[in-house]
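Survey of secondary and tertiary structure
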Amino acid sequence: MSEYNPSQIEPKWQSFWLENKTFKTDDTDRTRPKFYVLDMFPYPSSAGLHVGHPEGYTATDILARYKRMKGFNVLHPMGWDAFGLPAEQYAVKTGTHPRETTRYNIAQFRRQLQAIGFSYDWDREVDTTDPAYFRWTQWIFLQLYKQGLAYEASVPVNWCPALGTVLANEEVIDGKSEVGGFPVIRKPMRQWMLKITAYAERLLNDLDELDWPDSVKEMQRNWIGKSVGADVQFQVDGHDEIIEVFTTRPDTLWGATYMVLAPEHPLVDVITTPEQREDVQAYRNEASLKSDLDRTDTRKKKTGIFTGGYAINPVNDARIPVWVADYVLISYGTGAIMAVPGHDERDWEFARAFGLPIVEVVAGGDVEQAAYTDNQDGVLTNSSATGITLDGLRVPDAKKQIIQWLESHGKGQGTINYKLRDWLFSRQRYWGEPIPVIHVDGQPKPLDEASLPLELPEVEKYEPSGTGESPLSLIESWVNTTDPQTGKPARRETNTMPQWAGSCWYYLRYISPDYELGPVDPEKEKYWMPVDMYVGGAEHAVLHLLYARFWHKVLFDLGVVSTKEPFQRLVNQGMILGEMEYTLFLDENGGYLSPEQAERYDGELTRIKLTDEDIEKTATGFVLKAEAASLHGLSGHDGELAIEARSYKMSKSRGNVINPDDVIKEYGADALRLYEMFMGPLEQVKPWSMRGVEGVYRFLKRVWRVFVDDRSGTLNEDLHQAEPSREQLKVLHETIKKVTEDIEGGRYNTAISQLMIFNNEAMKWDKKPLEVMQTFLVLLSPFAPHIAEELWSRLGNAQTIAAEHWPAHNGEYLVADSFTYAIQVNGKVRATLELPATQASDKTTVLELAKKEPLIARYLAEGNLVKEIFVPLKIVNFVVKP
RNA sequence: GCGAGAGUGGUGAAAUUGGUAGACACGCUAGAUUUAGGAUCUAGUGCCUUAACCGGUGUAGGGGUUCGAGUCCCCUCUCUCGCACCA
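Quick caveat, the model's predicted, so the values are computed rather than measured.

Observations regarding the packing of aromatic side chains
We describe a pair of aromatic rings using the distance from one ring centre to the other and the angle between the two ring planes. In total, this model carries 47 aromatic pairs according to the counting rule given. Judged by centre distance (5.5 Å) and plane angle (85 degrees), the rings of tyrosine 120 and tryptophan 122 are edge-to-face. Taken as a pair, tyrosine 120 and tryptophan 122 share a single burial class, namely buried. Centroid distance phenylalanine 758 to tryptophan 765: 5.6 Å. Interplanar angle 85 degrees. Geometry classified as edge-to-face. Residue class for phenylalanine 758 comes out buried when judged on its relative accessible area of 0%.

Observations regarding the sheet that holds strand β21 (residues 423-424)
Strands sit in the order β6-β5-β9-β21 across an open sheet of four strands; the sheet is antiparallel. Pairing within the sheet leaves two strands with one partner each, and these edge strands are β6 (165-167) and β21. On top of the sheet, helix α5 (residues 131-146) reaches β5 (150-160) and β9 (185-194); it is set at about 90 degrees to β9, its chief contact.

Digging into the sheet that holds strand β1 (residues 34-39)
In spatial order, the strands read β2-β1-β26-β27; together these four strands make up an open sheet with parallel pairing. At either margin of the open sheet sits one strand with a lone partner, and together these are β2 (73-75) and β27 (570-573). Each strand of the sheet is rotated relative to its neighbour by a mean of 20 degrees, with strand direction disregarded. One ladder, built from three bridges, connects β1 with strand β26 (residues 533-537); its direction is parallel.

Points about empty space enclosed by the protein
Throughout the structure, instances matching the rule amount to three cavities of 30 Å³ or more. In this structure, the largest cavity is lined by Phe23, Arg65, Arg68, Met69, Ser781, Ile801 and Ala802. For the lining of the largest cavity, the residue count by class is four nonpolar, one polar and two charged. In this structure, the second largest cavity encloses a volume near 40 Å³. In this structure, the second largest cavity is lined by Glu55, Glu676, Met677, Gly680, Pro681, Leu682, Lys686, Gly746, Arg747, Tyr748 and Asn749. Residues belonging to the lining of the second largest cavity are distributed by class as follows: four nonpolar, three polar and four charged.

Quick notes on the nonpolar core
Counting 151 residues, the largest nonpolar core has Trp551, Trp688 and Phe707 as its most contacted members. The biggest single contributor to this core is helix α22 (residues 690-707), with nine residues. Looking at which domains feed residues into this core, each of domain 1 (32-130 + 500-575) and domain 4 (666-813) gives three or more. Phe234, Tyr258, Met259 and Val268 belong to the second largest nonpolar core, which has 53 residues in total.

Overview of α5
Between its first and last C-alpha atoms α5 spans 22 Å; for 16 residues at 1.5 Å apiece the expected length is 22 Å, and the two agree. Along α5, the residues classified as buried are Tyr133, Phe134, Trp136, Thr137, Gln138, Trp139, Ile140, Phe141, Leu142, Gln143 and Leu144. The N-terminus of α5 is capped by aspartate 130, whose side-chain oxygen sits 3.0 Å from the backbone nitrogen of alanine 132. A positive backbone phi angle near 75 degrees is found at glycine 148, which sits one or two residues after α5.

Quick notes on the pairing of strand β23 (residues 443-446)
In the sheet, strand β22 (residues 437-440) pairs with β23 via four bridges, with the strands oriented antiparallel. Residue pairing for β23: isoleucine 438 is matched across the bridge by lysine 445. What sits between β22 and β23 in their antiparallel hairpin is a turn of two residues, with aspartate 441 showing a positive phi close to 50 degrees.

Examining helix α12 (residues 395-408)
Between the first and last C-alpha of α12 there are 20 Å, a value that for 14 residues agrees with the 20 Å anticipated at 1.5 Å per step. All buried positions along α12 are accounted for by Val395, Ala398, Ile402, Ile403, Trp405 and Leu406. The arc that holds the buried residues of α12, viewed along the axis, is 160 degrees, so those residues lie on one side. In α12, the exposed positions angled more than 90 degrees off the buried face are occupied by Lys400, Gln404 and Ser408. Looking at the buried positions of α12, the neighbouring elements they touch are β10 (226-236), β16 (362-363), β17 (379-380), β19 (388-389) and β20 (412-418). Of the residues trailing α12, glycine 410 is marked for its positive phi of about 65 degrees.

Section: the protein's contact with RNA strand B
For RNA strand B, the set of nearby residues contains 53 residues, the closest of which are Ser227, Thr248, Arg346, Met679 and Lys874. Close to the protein, within 4 Å, the atoms of RNA strand B are drawn from sugar and phosphate at a rate of 68%. Contact between RNA strand B and asparagine 749: a phosphate oxygen at 3.0 Å from a side-chain N or O atom of the residue.

What about the domain arrangement of chain A?
Domain assignment breaks chain A into domain 1 (32-130 + 500-575), domain 2 (226-418), domain 3 (581-646), domain 4 (666-813) and domain 5 (816-881). The C-alpha centroid of domain 5 is placed 38 Å from the C-alpha centroid of domain 4.

A short note on the environment of tryptophan 765
Structurally, the position occupied by tryptophan 765 is in the loop between α24 (748-764) and β37 (768-769). Using a relative accessible area of 12% as the deciding quantity, one classes tryptophan 765 as buried. Spatially, the C-alpha atom of tryptophan 765 lies 29 Å from that of alanine 822, the residues being 57 residues apart in sequence. Discounting chain neighbours no more than four positions away, the residues touching tryptophan 765 are Asp718, Gln728, Phe758, Val772 and Met773.

A few points about the pairing of strand β12 (residues 258-261)
Judged by which residues are buried, β12 turns out to be covered on both faces: Tyr258 and Val260 on one side and Met259 and Leu261 on the other are all buried. The sheet contact formed by β12 and strand β15 (residues 336-339) spans four bridges and is antiparallel. Following the sheet pairing, methionine 259 is matched in β15 by methionine 338. Where β12 and strand β14 (residues 319-324) come together, three bridges link them in parallel fashion. Of the residues in β14, the one forming a bridge with leucine 261 is valine 324.

Remarks on unusual backbone geometry
Excluding glycine, a negative phi dihedral is what most residues carry, and trans is how most peptide bonds are arranged. Here leucine 452 and proline 453 are connected by a cis peptide whose omega angle stands at 0 degrees. Considering the arrangement of structural elements, one finds proline 453 in the loop between β23 and α13 (476-479). Omega for the peptide link from methionine 529 to proline 530 comes to 0 degrees, which places this bond in the cis form. Considering the arrangement of structural elements, one finds proline 530 in the loop between α16 (522-528) and β26. Positive phi, normally seen in glycine, also occurs at aspartate 317, with a value near 60 degrees. Among the secondary structure elements, aspartate 317 is positioned in the loop between β13 (305-312) and β14. The phi dihedral of leucine 873 falls on the positive side, at around 55 degrees, and the residue is not glycine. On the basis of relative accessibility, which here comes to 43%, the residue leucine 873 falls in the partly exposed class.

So, the packing of helix α23 (residues 726-744) against helix α25 (residues 770-780)
For the pair α23 and α25, interaxial distance at closest approach is 11 Å and the crossing angle is 15 degrees. By the angle class used here, α23 and α25 are roughly parallel. Note that α23 runs across α25; the crossing there is left-handed. In this structure, α23 uses Leu729, Leu732, Thr735, Ile736 and Val739 to contact α25, whose residues at the interface are Val772, Thr775, Phe776 and Leu779. The residue inventory of the contact of α23 with α25, partitioned by class, reads seven nonpolar, two polar and no charged.

Calculation criteria
- Sequence order as written defines residue numbering, which begins from 1 separately in each chain.
- To label them, take the chains in the order written and letter them from A, then take the ligands in the order written and number them from 1.
- Only residues with pLDDT of 70 or above have their local features reported here, since the model is predicted, and side-chain atom pairs are shown and tallied only from 80 upward, although totals for entire chains, interfaces and linings are computed over all residues.
- In computing side-chain properties, one takes all heavy atoms of the structure into account and sets aside hydrogens as well as water.
- A pair of aromatic rings is counted whenever rings of Phe, Tyr or Trp (Trp by its six-membered ring) have centres within 6.5 Å, and the orientation is called stacked for planes under 30 degrees apart, edge-to-face for over 60 and tilted otherwise.
- Each residue is placed in one exposure class: buried if its accessible area under a 1.4 Å probe, protein chains only, is under 20% of its type's maximum, exposed if it is over 50%, and partly exposed if it falls in between.
- Any two strands with at least two DSSP-identified bridges between them are counted as paired.
- Helix numbers and strand numbers start at the N terminus; a helix is a DSSP run of H or I with at least 4 residues, a strand a run of E with at least 2.
- Contacts were defined at the residue level, with two residues in contact if any of their heavy atoms lie within 4.5 Å.
- To define axes, lines are fitted to C-alpha atoms, for helices over the stretch in contact only, and angles between the resulting N-to-C directions are given on a 0 to 180 degree scale.
- Of the two site types, the cavity is a set of points on a 1 Å grid over the protein atoms alone where a 1.4 Å probe fits but cannot get out, and the pocket is an open set with protein on both sides within 12 Å along at least five of seven lines, each lined by residues with an atom within 4 Å of a point.
- Grid points are joined across faces, edges and corners, and a volume is the space filled by probe spheres set on the points.
- Residue type decides the class: Asp, Glu, Lys and Arg count as charged, Ala, Val, Leu, Ile, Met, Phe, Trp, Tyr, Cys and Pro as nonpolar, and the leftover types, Gly among them, as polar.
- In this text, buried Ala, Val, Leu, Ile, Met, Phe, Trp, Tyr and Cys residues form a nonpolar core when linked through side-chain atoms within 4.5 Å.
- Domain delimitation follows an automatic or database domain assignment.
- By this rule the span expected of a helix is its residue count minus one, scaled by 1.5 Å.
- N or O atoms closer than or at 3.5 Å make up a polar contact, with two conditions inside protein: a donor-capable atom paired with an acceptor-capable one, and, for residues adjacent in sequence, both atoms drawn from side chains.
- In this description, the arc belongs to the directions extending from the helix axis to the C-beta atoms.
- Here a residue is considered near a molecule or strand provided that any single heavy atom belonging to it is located within 4 Å of it.
- Should an angle lie under 35 degrees it is considered roughly parallel, over 145 roughly antiparallel, and from 65 to 115 roughly perpendicular; all remaining angles are considered oblique.
- Whether a crossing is left-handed or right-handed is set by the direction in which the near helix is turned from the far one by less than a right angle, anticlockwise for left-handed and clockwise for right-handed.

The following block contains the structure:
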C-alpha cells in the first residue's frame, strides 16, 4: 500500500485495540491520579448514529487519550440508555419484542462507535435494560420509597380516548395526539411521584460549586424557581373560611384592592354568591376546556369573573372583592393571590380591563400609566394601620417589617416557594423498569431488596391496555401475586419507570459494572468520583442533569456515594446543522417571492435549491445571479432577487442528514474525527460542510506523504536519525505547547490548526529528524489515532503509540532569533522593523532604528513628535501632531 | 415580555493581560504537472484604489475611554437559545 488508505488501516487498528484491550482501565492502580471523562450515553435508535453523536464523543476521546499519555488513570466508558418509547412503538407495529430491537440497535451503535476508533473500555459497557443493571435502578427506587421520597398521588395525564392510551408530553402536539391527531384530555390517574422538591434548596445552592456553563446553571435556577415571600391569610367576609395567598410583595398589602382565585380553587364554590353562581360556573367550565397553551398565552387579554364574595384585608380591614381568573394557576403557591394592581403588571392589566381600583403604595412611578414594580429603591406610602406603618421605608425593609407584623398577629408568615414540582415518575408503558411495588389491601408495599430484579413478563401484545394502564396490567399471571410476607393476594404495580430513571445513575455503574453488593463498589466510588468531565447535548440542561443530581444527593445522604455532586465539569456540545442551503422561493404562478414574503405566503410555495454558482453576495445579502434568474424565468425583475441562505437542523424529512458511516467510507474515521473538531468551538452550533471534510482529509494525506513515499509505499528517505535544527525544534515545541494548552482548554479546533502548521513546515524540510517527527505523531494521535498508530508502527515502534508519554515543551526553543516590531504613527502601522533578539528590548536602539525607517521618517518630518510609546517586544508608536 | 449568549472576509473560523485583525482551512483566481481528474504542487486572495509601491477603509451601527480598541464603557439594531401570567 502506498497511498493513504484509511479503509485499510483503520479496521486493523480498531481490532488491535479491542484484542489487546489497549484502553482497559486499571482498577487496582491507586498511585496515579484519576480522570473520569464521561459522555452522555445514547439512546440506541434504529436510525443509527448521527453526526451529532461523534462530536462530543470525539472531544472526550481526545481528552481521554491525552490524559492517559499524561500519566492519568483514565475512566472512559460507554453504554446504552435503552429503555424508551420507539422500541415499544415498533413492537406494537410489528410484534417484535423491544428486547430484540434494542439488542440489534445496540449492536449497530457499538459497531459504529468502534468504527470511529473511540478508546472506551468496552468491558464496562452498561445497558439500562439489562436486569443486572435495572436491579439497582429498582433498588434505588426502594431507597427513595423508604426515605419517604416516593409516593402515590392522583395526577392528570394526557389521556387519548380514541387511542385508549396515555401519551407522553412529546406525543401530544397542540392538544392532539401525534399519531392520528385525536383529541387528548387531562385525566387524573394514580401515579408515582418523587419528592424532588425536598431537595430544591440543595439543588439550587450546590450549583455554585460546579464548573458548568453559566447558561445551564441559570436554566436550572430558573427551573427550580425559588421565590421568597410570605403567605398571608385573608378572612372571607361572612364565612369562616380563610383564603391564603402567597406573595413576594407582602410590603404592598395596603395596595391589594381585590383577590383572585384560580378557577380550580376549592373555595370558589364557597365564596360565590347565588346571583353569580351561573356565570362563575360557566367561566370555570370554559377555563377547564382551554389547553395549558391557551391559558398561559401572555399576549391574550385577561379574562375573569366576579364571585360576588368579599375578603377582608388583614392590615386595614378593607373589604375587597374576590374574583376568579385563569391567569392565576392552581399549581403554584396557594392557587390564590392578593392583587396589587399598582405594583404588579398582571394585576394592573386585569384591574384596567375590569375597572378595579388601583392604589399606589410604593412611590416612584405613576400607577395610572403602568404598574411600578421596582422592589429595591421604591419607598412605601399609604401603608399605615393601627400599630404599624411602612410609610417611608424602602421595599426590602418594608418586607421585613410586615412579615414580622403578620407573624406576630397570626395573619401570615414568611415563606419560600419553588416553581419546581415533584417528579411524575410513572409511565403507562411496557418497555421500562417495573416499579418494584405490590399492592396489598389497596396499600403499596415495597418488594424485598433481595428479590430484585423484578423483570418484565413476556407479553403477547404491546398494545395499550385500553384503560390507560400499561400493557402489563393485562398479564393476569404477572399482575396477580401474593404478598410473600403475609401470603395475602396482592397486585403488582403496573406502571413502569420513565426513561430518565436509568440515566440518573449510570455514571456510577461504570465504576464497578459487575459489583453485586450495591449499585457501586464504595472503595472504587471514592477513587473515581466525581466525574471530572461530562460532555453532552444542551437539550439535557435541565431534566436529566437535575434528576441525576437529585438521585445523587439522595445516595449521598444514604452514604452510597461520597460526593455531593456527580458531575464536576460539564460541557455542552453545540448542534451540528445540515449543509448550508440556498433557496429561491416562487409562488403558485412561478412568480418571485422574497424570503420574508415566502414566510407569510399562504399558497403553494415552490422552493428551488440553488448551488454556489447561482448566487452571489451583495451588500444586502445573498441574491440570485442574473444568469440564474433568467433560468427560472425571472429575468423581468428589476434589482436584486434576495434568496434565503441558511442551514437547518438535520432531519429525515428535510433529507439533510449526514450518516457517519458514509463519511467514514469515503474519508475515514480520522477525517471524520478531525473535521468534527476542526469545524469550530465545541460548544457552538455549526453547519456541516463536506468540503470541510475534504480539507482535513487532504491534511491527513499530506501527513501520510511526509512519512511514506507515495510510489514505493516505503518510508521516506528524508526521515533521518539527524540532529534537529533550531528552526525545526522551534516549530515542534511551539506545536507541543499550543496543542497541550488547547486540549486542556477544550480548543480542539485551534490545536488541529497548529498540527497543520507543523505539517506544512515539515513538508518543506529536506531532512526530517526522526525524533521530531515521532513527537509530532504523538501529538497527532489523540485526534487521528489510526494514522498515528500506523505511521508509528511503520517507523519501527513495536508498542502502541497510546502508551507513549505526552511531550513537554522546552521554553528555550521557543525564543526567536529576531523580533519584528510594528511601528505605528498615531496608532496606525506604517512600517515594520526586524532586529536581532538581542537588541529587541533596548528602547534607545529600537526607537532610533524605527525613526530611520524611510516611511516613518516621512511622517515624522511632516509634524511634531509629541510622544514616543515603546512597549518591549510589543510595539512602537509615535504620536505626531501637525 | 424576562433571562442568557452571540454578531469578524464569499464560507467555517483565529486573534495572550488592549499592541501588525483575518492564523488554519474551505472556496475562488492564475500557473505547473498529469492521458485525465473533484489528485498533487506553486503563487495570490478583506474591501476600494493602483501596473506596482504608496494610500484609503474595515471586526452589526452610533458614541466614549486610550498613544493604541475586535478586545474596556454607554446607547441602538439583529440573531440564537432558554423561560414564559410562577403572584
